[in-house]
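What follows is each chain in one-letter form.
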Amino acid sequence: MKSMNFAQLRAFHAVATEGGFTKAARLLNVTQPTCSQEVKALEETYGVTLFDRSNRQVALTEVGTALFAVTRRLFAAEQEAMELLAGVRHLDGGTLAVGADGPFHAVPLIARFTRSHPGPTVTLAVGNSRSMLEGLMETRIDVAVLADVPGDSRLYVLPLRRDPVRALVPKAHPLARRRAVALTDLATERLVLREPGSMTRRLIERALAAAEVTPAAVIEIQSREAVVEAVAAGLGIGFTSAAEFTGDGRLVLLPIAGAEVEMDEYVVCLRERRRLAVVRAFLDLAREVAAEAGGLSGAAMPGSAPATPATAGHAAPAPRRR
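Per chain, the residues get numbers from 1 upward, laid out in the order the sequence is written. Predicted model: local features are reported for residues with pLDDT of at least 70 only, side-chain atom pairs are reported and counted for 80 or more only, and whole-chain, interface and lining totals are derived from all residues. Calculated side-chain values reflect all of the structure's heavy atoms, with hydrogen atoms and water omitted.

### Remarks on the nonpolar core
Counting residues in each nonpolar core, the largest one holds 27 residues, and the members touching the most others are Val-169, Leu-183, Leu-186, Ile-204, Ile-237, Phe-239 and Val-261. Numbering of helices and strands runs from the N terminus; a helix is a DSSP stretch of H or I covering at least four residues, while a strand is a stretch of E covering at least two. If you list the elements that add at least two residues to this core, you get β6 (155-170), β8 (190-193), α7 (199-210), β11 (251-254) and β13 (261-270). The biggest single contributor to this core is α7, with five residues. Ignoring sequence-local partners within four residues, the contact set of Ile-204 consists of Val-165, Leu-193, Phe-239, Ile-256 and Val-261. Within the second largest apolar cluster, 25 residues are counted, among which are Ala-100, Leu-276, Val-278 and Leu-283. We define a nonpolar core as any set of buried Ala, Val, Leu, Ile, Met, Phe, Trp, Tyr and Cys residues linked to one another through side-chain atoms lying within 4.5 Å. Three labels apply to residues, based on accessible area from a 1.4 Å probe with only protein chains included: buried if under 20% of the type maximum, exposed if over 50%, partly exposed otherwise in between. The contact rule is simple, with two residues in contact once any of their heavy atoms fall within 4.5 Å.

Here is the structure:
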């Protein structure tokens, strides 16, 4: 069996990562023709086409996409091996790619990390839990701060904190004069909810189902910011984690009476990558923050079974509607 030509494989990986031969050549510090020749040689050796070069664009073919998934893992492992052999201690360089399903818990962690370790370059990508987990699996993201964590043995899961979910009520609404909103109050209200994959929505729907309450109507909104604006405009009652509400004079944030609706947050990485110096440093810092916040009582800890979607946040049963 032929041994792999790593120069060719590295050239392919650079082109796939950068989206073009010119940028890849600059990254590899070689000429563009040299980079092109390496990729062409790899294709000819194995009789495959890795890139569609039509219309002056470079796009991965089906085989190229599959190979790119492999080279991501390969060169991520190379990076880890280099760190281990070099005995990195002081974090005076490198990069840390952080992903999050919202900025509210991730940004304070990043700020604290950069104060302690100013050397590494830190990036933050924000998206839904599914895309962030894909980024972890493909090693485009080193560590993620998420509320929705699947049960997957490949993941190292660190419980961070638990926050109550509150009702967002327009200041002029009659409910705004109360100290809390009961789930039964929502039967006659229009609710402003996030998309079906949202953990906040799942928790609220679970609590409503337990209380046998069906809201009068539901409006679906795709972002936290849009939910706030919709509620402020009087379109309905919304919901948010208490930690994610930064204050708005148009709104009142109220507890949900009769139900403990709480959002759990976790710091997650690939188990095999937790030894990387920057990832290890971020996890150590997250442990400090979790200890200061009291952590998640009863949540799955690293080394035990990872949290499942059913435990990544919970809603205790409320009194049933009569």
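### A closer look at the packing of helix α1 (residues 6-18) against helix α3 (residues 32-46)
Interaxial distance between α1 and α3 falls to 8 Å at its minimum, and their mutual angle equals 110°. It follows that α1 is roughly perpendicular to α3 by the angle criterion. Classified by chirality, the crossing of α3 by α1 is left-handed. The residues of α3 that touch α1, namely those facing Ala-7, Gln-8, Leu-9, Ala-11, Phe-12 and Val-15, are Cys-35, Glu-38, Val-39, Ala-41, Leu-42 and Thr-45. Asp, Glu, Lys and Arg are counted as charged, while Ala, Val, Leu, Ile, Met, Phe, Trp, Tyr, Cys and Pro are counted as nonpolar; the rest, among them Gly, fall into the polar class. Here the residues of the contact of α1 with α3 sort into nine nonpolar, two polar and one charged. Interaxial angles span 0 to 180 degrees and are taken between N-to-C directions of axes, which are lines fitted to C-alpha atoms, for helices over the stretch in contact. To sort the angles, those under 35 degrees are grouped as roughly parallel, those over 145 as roughly antiparallel, those from 65 to 115 as roughly perpendicular, and the leftovers as oblique. Left-handed is the label given to a crossing in which the near helix is rotated counterclockwise from the far helix by less than a right angle, and right-handed is the label when the rotation is clockwise.

### Section: the pairing of strand β9 (residues 217-220)
Look at any regular strand and the pattern is simple: side chains alternate between the two faces of the sheet. Where β8 and β9 come together, four bridges link them in parallel fashion. In the sheet register, Leu-191 faces β9, and the bridge partner there is Val-218. Chirality of the crossover, the property in question, places the unit of β8, α7 and β9 among those that are right-handed. DSSP calls a pair of strands paired once it identifies at least 2 bridges connecting them. Looking down the strands as they point away from the viewer, one classifies a crossover as right-handed if the path from the first strand across the helix to the second runs clockwise.

### What about the pattern of salt bridges?
Two side chains that carry opposite charge are able to pair once their charged atoms sit near each other. Salt bridge criterion: a side-chain nitrogen from Lys or Arg within 4 Å of a carboxyl oxygen from Asp or Glu. Tallying each qualifying case throughout the model produces 18 salt bridges. Between Glu-195 and Arg-194 there is a salt bridge, with the nearest N and O atoms lying 3.1 Å from each other. Owing to a relative accessible area of 16%, Glu-195 belongs among the buried residues under this scheme. For Arg-194, a relative accessible area of 15% puts it in the buried group. Between Glu-229 and Arg-250 there is a salt bridge whose closest N-O contact spans 2.9 Å. Taken together, the positions of Glu-229 in helix α8 (residues 224-232) and Arg-250 in the loop between β10 (238-241) and β11 put the pair 21 residues apart, joining distant regions of the chain. We classify Glu-229 as partly exposed; its relative accessible area is 43%. With a relative accessible area of 38%, Arg-250 lands in the partly exposed category. A cluster of three or more residues bridged by salt bridges with shared partners is formed by Arg-72, Glu-138 and Arg-140.

Distances and angles like these do not, on their own, reveal function.
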